[in-house]
Amino acid sequence: MIPVFFINTGIILMENLWAPWRMEYIAGHDKKVDGCVFCEAIKNPDDHANHIVFRGKYSFVILNKFPYNNGHIMIIPNQHTNDWLKLPDNVQAECYKMINLSISAIRKVFSPDALNLGMNLGKAAGAGIDEHVHFHILPRWEGDTNFMPVIAGTKVISESLDSAYTKLKKAFSEIEL
């Protein structure tokens, strides 16, 4: 059924969206970690459970647990800091290499029309986790900002994290550094 909006009558007919994994975020019942969630993820050897798709010497690539789009990943230095400028040059250089590797993997897996790349330094800049610097890379497609987020305030993520993890993990293993 195609959603139909009757603005003058106040009648809105819409299909239901089924995304039960979002309830964890909405309800705020996410497992609370003592300390930094990124530092805890890098210490855990279970990459699948943490959705870590690639590990470098000084940084790692992880799927965003609460993505804005399918394939939303983050590049995170292993060193805990909230200040990019406090990272040694070799760590910054590896993060930039991880960005290049990530762009290649996302293009291979998702064939996006474009990408958003960014870093929010500090809470006022929009950082949800401001105590540990990280880059975001989001695949984007023509028309991915459709009526759902504009009118209904709802974003549709059409692929599970586990499915995206499996595809990206394979792509990262096939791309040469």
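Basis of the calculations
- Residues numbered from 1 in each chain as written.
- Predicted model: local features only at pLDDT ≥ 70, side-chain atom pairs only at ≥ 80, totals over all residues.
- Heavy atoms only, no water.
- Phe/Tyr/Trp six-rings, centres within 6.5 Å; stacked < 30°, edge-to-face > 60°.
- Helix = DSSP H or I, 4+ residues; strand = E, 2+ residues; numbered from the N terminus.
- Buried < 20%, exposed > 50% of the residue type's maximum accessible area, 1.4 Å probe, protein only.
- Contact = heavy atoms within 4.5 Å.
- Polar contact = N/O pair within 3.5 Å; in protein donor to acceptor, adjacent residues only side chain to side chain.
- Axes fitted to C-alpha atoms, helices over the stretch in contact; angles between N-to-C directions.
- Parallel < 35°, antiparallel > 145°, perpendicular 65-115°, else oblique.
- Left-handed = near helix turned anticlockwise from the far one by under 90°.
- Nonpolar A, V, L, I, M, F, W, Y, C, P; charged D, E, K, R; others polar.

1. Overview of the packing of aromatic side chains
Here is step 1: Throughout the structure, instances matching the rule amount to four aromatic pairs.
Here is step 2: Where Trp-84 meets Phe-135, the ring centres are 5.1 Å apart and the plane angle is 85°; that geometry is what we call edge-to-face. Residue Trp-84 is located in the loop between strand 5 (73-77) and helix 4 (89-110), and its partner Phe-135 is located in strand 7 (residues 135-140); the two are separated by 51 residues in the primary sequence.
Here is step 3: Judged by its relative accessible area of 9%, Trp-84 is buried.
Here is step 4: Judged by relative accessible area, Phe-135 falls into the buried class, the value being 9%.
Here is step 5: Summarising the aromatic geometry, the rings of Tyr-96 and Phe-135 are spaced 6.1 Å apart at their centres and angled 55° between planes, so their arrangement reads as tilted. Of this pair, Tyr-96 sits in helix 4 while Phe-135 sits in strand 7, placing them 39 residues apart in sequence.

2. Thoughts on the environment of Ala-41
Here is step 1: Secondary-structure assignment places Ala-41 in helix 2 (residues 37-43).
Here is step 2: Owing to a relative accessible area of 5%, Ala-41 belongs among the buried residues under this scheme.
Here is step 3: Along the chain, Ala-41 and Ile-52 lie eleven residues apart, while their C-alpha atoms are 8.0 Å from each other.
Here is step 4: When neighbours within four sequence positions are excluded, Ala-41 is seen to be in contact with Asn-50, Ile-52, Arg-55 and Ile-62.

3. Here we look at the side chain of His-134
Here is step 1: Summarising the element assignment, His-134 is placed in the loop between strand 6 (114-119) and strand 7.
Here is step 2: Among the polar contacts listed, one links the side chain of His-134 to the backbone oxygen of His-132, at a separation of 2.8 Å.
Here is step 3: Polar contacts involving the side chain of His-134 include one to the side chain of His-136, which spans 3.2 Å.
Here is step 4: For His-134, the contacting residues outside a window of four places in its chain are Phe-38, Met-74, Ile-75, Ile-76, Gly-118, Met-119 and Ile-129.

4. Considerations on the packing of helix 4 against helix 6 (residues 161-174)
Here is step 1: The geometry of helix 4 relative to helix 6 is characterised by a closest axis approach of 9 Å and an angle of 125° between their N-to-C directions. It follows from the interaxial angle that helix 4 and helix 6 lie oblique. Here helix 4 runs over helix 6; the crossing is right-handed. Listed contacts from helix 6 to Leu-101, Ser-102, Ala-105, Ile-106, Lys-108, Val-109 and Phe-110 of helix 4 are Ala-164, Lys-167, Leu-168, Ala-171, Phe-172 and Glu-174.
Here is step 2: Per-class residue counts for the contact of helix 4 with helix 6 are nine nonpolar, one polar and three charged.

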